Structure formats: C-alpha cells, structure tokens
Amino acid sequence: MSTLEELKEVIINGDAPAAKRLTEKGLSEGLKAAEFFPGAIIPAMDEVGRRMRECEFFIPEVLIAARAARGATDILKPLVAGDPSQRPVGTVVCGSIKGDLHDIGKNIVAMMLESAGFRIVDLGVDVSPEKIVEAVRREQADFVALSALLTTTMVNMKAAIEALTSAGLRQKVRVLVGGAPVTEAWARSIGADGYGKDAVAAVELARQLAAHV
Amino acid sequence: MHRIIVKPTGVELRASSGTPLRDSLFEQGVEFPCGGQGRCRGCRIQVLEGEVQVNAAQRERLSSDELAGGWRLACQCCVEGDLVIELRQWDAAILADETPFAFVPRAGLGVAVDVGTTTIVAQLLDLQNGQVLAVRTALNSQGRHGADVMSRIEFGLSPQGLEELQNLIRRQVGALVGQLLRAARVPGPEIRDVVLVGNTVMHHLFSGIEVELLSHFPFSPSRAGLEIFNARELDWDLPSEVPVRFLPCLGGFVGSDILAGLLATRIGESGDLLGLIDLGTNGEIVLGNRERILCASTAAGPAFEGARITMGMRASAGAISQVAVVDGGVQCHVLGNIQATGICGSGLVDAVAAGLDLGIIEPSGRFAKGRTEWTLSPPVTLNQADIRELQLAKAAIASGFHLLRERWGGAEPVRLYLAGAFGNYVSRSSASRIGLFNYPPDQVHPAGNTALLGAKLALFRPDSEDGSCHHLRRRVEHVSLGADPHFQDVFVQELGFSKCAPTYQEEIAL
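Thresholds applied
- Residues numbered from 1 in each chain as written.
- Chains lettered and ligands numbered in written order.
- Predicted model: local features only at pLDDT ≥ 70, side-chain atom pairs only at ≥ 80, totals over all residues.
- Helix = DSSP H or I, 4+ residues; strand = E, 2+ residues; numbered from the N terminus.
- Rg over C-alpha atoms; globule rule 2.2 N^0.38 Å.
- Buried ≥ 20, exposed ≤ 12 C-beta atoms within 10 Å, placed from the backbone.
- Contact = placed C-beta atoms within 7 Å.
- Pairing = 2+ DSSP bridges.
- Axes fitted to C-alpha atoms, helices over the stretch in contact; angles between N-to-C directions.
- Nonpolar A, V, L, I, M, F, W, Y, C, P; charged D, E, K, R; others polar.

Peer 1: So what exactly am I meant to see when it comes to the overall build of chain A here?
Peer 2: A count of helices and strands for chain A gives 9 helices and 5 strands. Mapped in sequence order, the helices and strands of chain A form the string α-α-α-α-β-α-β-α-β-α-β-α-β-α. Over its C-alpha atoms chain A spans a radius of gyration of 17 Å, differing by no more than 12% from the 17 Å that the globule rule assigns to 213 residues. Taken along its principal axes, the extent of the C-alpha atoms in chain A is 55 × 40 × 25 Å. Here chain A holds 213 residues, and the buried ones make up 48% of them. Pairs at least 24 apart in sequence give 75% of the contacts found in chain A among residues at least 6 apart.

Peer 1: Explain the environment of Leu157(B) to me, please; I cannot follow it from the model alone.
Peer 2: Residue and element names in this part refer to chain B. Looking at the secondary structure, you find Leu-157 in the loop between helix H4 (149-156) and helix H5 (161-184). On the basis of neighbour count, Leu-157 is assigned to the partly exposed category, with 17 C-beta atoms found within 10 Å. Counting along the chain gives 54 residues from Leu-157 to Val-211, while the straight-line C-alpha distance between them is 7.0 Å.

Peer 1: Just checking my understanding: could you explain unusual backbone geometry for this structure?
Peer 2: One can expect most non-glycine residues to show negative phi and most peptide bonds to be in trans. Between Phe217(B) and the following residue, Pro218(B), the backbone shows a cis peptide bond with an omega angle of 0°. Within the secondary structure layout, Pro218(B) lies in the loop between helix H6 (200-207) and strand S10 (227-230). Residue Pro379(B) is reached from Pro378(B) by a cis peptide bond, and omega for that bond is 0°. Inspection of the secondary structure assignment puts Pro379(B) in the loop between strand S18 (373-377) and strand S19 (380-383). Positioned with a positive phi, Asp126(A) is a non-glycine residue whose angle comes to about 55°. Its place among the elements puts Asp126(A) in the loop between strand S2 (119-122) and helix H6 (129-139).

Peer 1: Is there a simple way to think about the pairing of strand S1 (residues 2-7) of chain B in this case?
Peer 2: For a regular strand, side-chain orientation follows a simple rule: the groups alternate between the two sheet faces. For S1(B) and strand S2 (residues 11-15) of chain B, the ladder comprises 5 bridges, and the chain directions are antiparallel. Each residue of the ladder has a partner; that of Val6(B), found in S2(B), is Val11(B).

Peer 1: Sorry, what's going on with the sheet that holds strand S1 (residues 91-96) of chain A here?
Peer 2: Strand pairing in a sheet relies on backbone hydrogen bonds, with the paired strands running either antiparallel or parallel. Residue and element names in this part refer to chain A. Taken together, the 5 strands give an open sheet; going across it, the order is S2-S1-S3-S4-S5, and neighbouring strands pair in parallel fashion. Looking along the sheet, the strands with just one partner apiece sit at the ends: S2 and strand S5 (194-195). Sheet analysis places strand S4 (residues 174-178) next to S5, joined by 2 bridges and oriented parallel. Paired with Leu-176 across the bridge in S5 is Gly-194. Where H6 meets the sheet, its contacts fall on S1, S2 and strand S3 (143-147), and the angle it forms with S1 comes to roughly 165°. In the packing of helix H9 (residues 199-212) onto the sheet, the strands contacted are S1, S3, S4 and S5, and the crossing angle to S4 comes to about 170°.

Peer 1: How should I be thinking about the interface of chain A and chain B in this particular structure?
Peer 2: A common way to state how big an interface is: give the accessible area lost once the parts meet. With 21 residues of chain A in contact, the opposing surface of chain B contributes 24 residues. Broken down by class, the residue content of the side of chain A that touches chain B amounts to 10 nonpolar, 5 polar and 6 charged.

Peer 1: I'm lost on helix H8 (residues 256-265) of chain B in this one. Help?
Peer 2: Residues and elements named next belong to chain B. Burial analysis of H8 places 10 of its 10 residues in the buried class, the great majority of the element. Those residues of H8 that fall on the buried side of the exposure criterion are Ser-256, Asp-257, Ile-258, Leu-259, Ala-260, Gly-261, Leu-262, Leu-263, Ala-264 and Thr-265. Positive phi shows up at Arg-266, right after H8, with a value of about 55°.

Peer 1: When you look at the sheet that holds strand S3 (residues 44-49) of chain B in this model, what are you seeing that I'm missing?
Peer 2: All names here are of chain B. Strand order in the open sheet made by the 5 strands is S2-S1-S5-S3-S4, with mixed pairing throughout. The sheet is open, and its two edges are formed by S2 and strand S4 (71-73), each paired on a single side. Sheet twist, expressed as the average angle between the axes of neighbouring strands with direction ignored, equals 35°. Bridge count for S3 against S4 is 3 bridges, and the pairing is antiparallel. Across the sheet, residue Ile-45 finds its bridge partner in S4, namely Arg-72.

Written as structure tokens, this is what we have:
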C-alpha cells in the first residue's frame, strides 16, 4: 500500500496520530503537499460521507475521522499557502441560525466542506443576520451555509437571506441551508440557492455551485 | 358526501369533497407528529381503494415504491371520493396513578389533571378520604397541531394559533371534568378545587400566555407563576367560583409536572441526594436534596415512544415490549400475546441491550459483521437507523444527567426515580446496559405518574398555601444544558455504548 493509500485508511478509521505520521512520511518521501488532497484526504472524507449515509458511521466516527483529516491538513496547509493552484474552492461562512444552539450537524458539514477544499469561516451558534452580513463582507465569502434544528428557529434563515439582500450582498453569495426540519420546499420558499439533506449532499451541492461561479 | 372506511377498526366516516383527511382522522386518534406540515412520515396511511392526490411534500417524503403501493401522508390529502384506507398508528397506553399517599382530609371533591403533551389524565378525588372516584384519559386534542412541544409552539406563533390551542385544551379538560362527575354520579357543586400540572408549554397554552420566548434560545417562560382561573371564565360546567389552578413552572421547559414530581418523591426533604428522570419526548432530569435542587430538560426525541423507528409503535397490542437473551438468541414478549406487528420503546431498549450482549451490535452502535438488519420476531426487524435513533435519545438523557451530576461536584444519587409511562415499563437492567443511567436495578425506582400524584397532593395542601410552592421553587435551580459549553462534547461521548455489561448485573443473575 502506498503512503497516500495508507493515509486514506487511517483518516477513515479516525487515527489522528497515524495521519500526522503518514503525512510527514509522505513529505519525506518527496510527495508534494498538493498531492495529498486528491490522493488521500478528499477521497477519505468522501468515503466517510458514504458510510455516514449508509448509517454505518455515526456522529462520533465522523467527528474522529474529521479530526484525523485535520491532523494531516494542519501540516499541509502552510506548505501550499501561496500556491495559486491550491487556492480554496471557495470561502464558506457558516453557522447555526439565531435562536438555535445546535452545533454538531453544522460542525460536521463545516469539516466535510473543509476537507473538500473550501475555506471555512465558522460563526458558531445563535448567529444573527447582522453577524452573517458582516462576515460575508469581511471575508468576501462565496457561500453562506446555515443550519437549524428547530422548526421555530428555521424562520430566522429567511431573515438572514433578507438581511443579505438589503445589504446588497445577495447576488455575491450562494446560500445553502440544512438541518432536520428543513426541506427542499422550504429552502426554495425562502429564496435559498440550495438545500442539503445531509453533510454529503451539502458538499456535493457546494462543489456543483462552485464549479459554476 | 363521500364514505371513508378506516381499517383496521372498520370505522365508517363521511366527509364532503375537499375535506382535509387530517380533520376526519384526528377524531379517530390519529396523531400528526409534525403538526401536519408534511415534514415527517408519522401519519402515513395506505389507500386500499379509491384515489388520493399526491403532492410535492409526499413525493419528497415517500419513495416511488411507496407511492405506487398506495402510501400517502394523511396530513397532505383531501377527500375527493369514496375511500378505504388503513391506519398505521395505534392507541396509546396512558398511565394513571394509584399510589397510596398521606393527606390531611378536607370536605368535598377535587380534580387533579396531568396535562401531558401527548396524553391527559384526570382523576376525581374524595378529599375526605383520598379515594379516587373516577379516572378519565385522552389524547391531548392539540395533537392535530403537532406531537411535540416545538411544533405546538410553532403553531402557537401563527395567527390565532395561540387562541386555537388554548380553546382546544380548555374545552377538552372541561369536558373530561364533566365526564368524571357523570362517571362517579356526583353533582358539580361538590367540587372544591381543580389542580392542573404540565410542562411549561402546556402551562402557557392553557393560560393563553405568549410562547414566543419559548421558541428560541434561551427558552425562557414569559410568565412562570401559578395561574388561577375560575370555572366561569373557562366556561366549564361547574359552580362559577370553583378555583382552577395551573401550578407554576420551574424554568425553561421544566414545568409543574416536575414540580409535582418533587412533591410526590419529596426530593426536597431528603438528606440523601436523589434523582428523578421523566423519560419522554422532552426528558426532564432532577437531582437534589434538602439543600439544593437542580433541574434540566433535554430533547430526547420520540424514540422511547416507538416513533421514528422503522417498525416502531406505541405500547399496545402487537408491540414487542420485552426482549430477553435465551440460549444465545432472543425471545420476545408481544403485548396481547398475538403475532408481533412492531416494537415499542421498552422493547427497543431491551433489544439493543440484548444485541450488545450477544455481540450483534458493537459498542459504537453499529451492527457487527456487515449485518444490515436484525429480525427479532418475524416480521419485526431492527435496522441500523433505528439503533442510531435510540443512541440519540439515550445520549440526550445521559448527557443531561452527566452534566447535572458534574454541577453537584460528581455526586451520585442514592436513589433514582423514573417517572412517566416509559420509565414504568422499561427494564432497569436494559436501561443500565445501554447507558441511560448506570445504577444497579435496586437503586432505580419506577415511580409511576408522579405528575398526577403531585397534583393530587397539591389538592390537599393547607389553605395557607395557594399552590405557588414558593419555598420549594426558591430552592430549585434550572440549568440550561444547551448553553453549557461541554454539552456537545458530553453528548457525543454518550452516543456510544459500553463494551461490557456492568458487573452488578451478574451478581443479580446469581
């Protein structure tokens, strides 16, 4: 098994120390930092996503796999900084919507997007429309990804989109929404650009939209 | 008018063209968990004869095979012709309370009501001798607007929603009181007192208090105190001056049902640390003694009630209610001793505990050796997603309990009371095995419907106390779990199961 194949395996299994060790090993063998992403990290997280969708992986397994992936990317990122071919696919401002403190689902989506090459600006939980507008402007974001786990807080997604519109930023960003009570129909009704029924769908959607930017 | 035949009960209904099926079926006890928004699959029916239109919401929630097989979401359908449909829901098992209790006699009769989100239990008492003269139970009529507190709040925020929910519950409880009087053949003027308990949302909706503040973080009640009405303003068939008291809330979603639980279990008088867990869709947890009482609520979801489980059902005929390991396999007990048709909450907890002991389920919750489902008793099977649902419910309770113990400096209660129907039926050793809590069975006491018992005790409080229980309430501290920075970490940690059964179980087996 090549080092990249091995790295992919240990990320899927959530072994962070091994992920770091194999990344260092690969670099010492002469692999370029940029090769690790398509060669190991992205396919590993795609596989994690697949297993999550099959219910084979659950929240803890996904979180430890993401942590292992981060062990590798923390080493690699400084090495690819400034390399124009390794610019992020896009910048995503994400958060759980105002009134909602649920964090886990949003974190999983953020980690999966990060592994897929997006730059993530995580605003945390209970995020007001004003904070979203401010972050989009400051970070020159391409995407806004919003999560809600309560039917009663989901309405604040609409307020966030309206705030982006009145700030004149709506045309500059794609808005993705998700969370247990959110549906495709709801996403359309509030004027979002897309709905992801799970983290895998969110990543697919962001990739598709990024390709058209 | 069109004719609708509802199977398996065989009831025949009549409805005009364009009538929403929801209105007709609600009368038959069908529940609409998401409030009829087409967001869940809880109200699905199978159309055996006749035609019902499919809309976008149904295409999103039902597979093309299901649609072709006649499956529909009742909440999304209107009557357009004669129909024969089959329901997939069952009657609820509702827990009353028959616990003997100490009291100071007073003249006349009283009514105690536990206003649950799902079910309502009302008892008529002779205040002279404490005897229960009649009991009435019903599904909460607000159920047509959603099964859980969040969907009720959502409806309560819509125009006229609050008024509608208030009218529904006031009318229903009034009718139950009337039924109690007729059943016991006693005249209304004998009634001296009516006491209601329920969670904060039920308290607000009965009292007509705005629920906006309960709809988002930090989930604080608008008005938490005792609410006093008289029979006249409620339009109940009782002498106009009879007081009707809805006991006060403790904080957040923790309402007078738990306050009543404190009265019933006397946690606030104990020298030892005691715990109380009410295992419902919204789980409430109390940990305290005479020094200090902590309480919290945690959203466990409906898995304990058999909902959102592929073959889940309420605890009624046909439900697997117990699963035991026998000779390396499992043996199921089915309520009513008939062919199994589904599994209820207590059966699910037993099954997962058995699966862990048999090595069929790994400590991560995943099926071992590539298995995708597990047949318990044909045709009833568990699949991977079902176990995940239980893990979420278990982790919500266990992490809440964990954090309250942490606030107590790591103290462990000497006794744990389980309140509510599920707590009454669940096997204590299976609940320990899946890590809902971790105490030997003799330390865990099913306490029945402590909300109703506490409401009855409140009927006997001396006149100097109006039911505001301010001495007790002052000592109760409500902990907002969601705001605790450790909550998410603890929650993730509690999602898994322990590798082996706790050792005390073997001692008991010997």
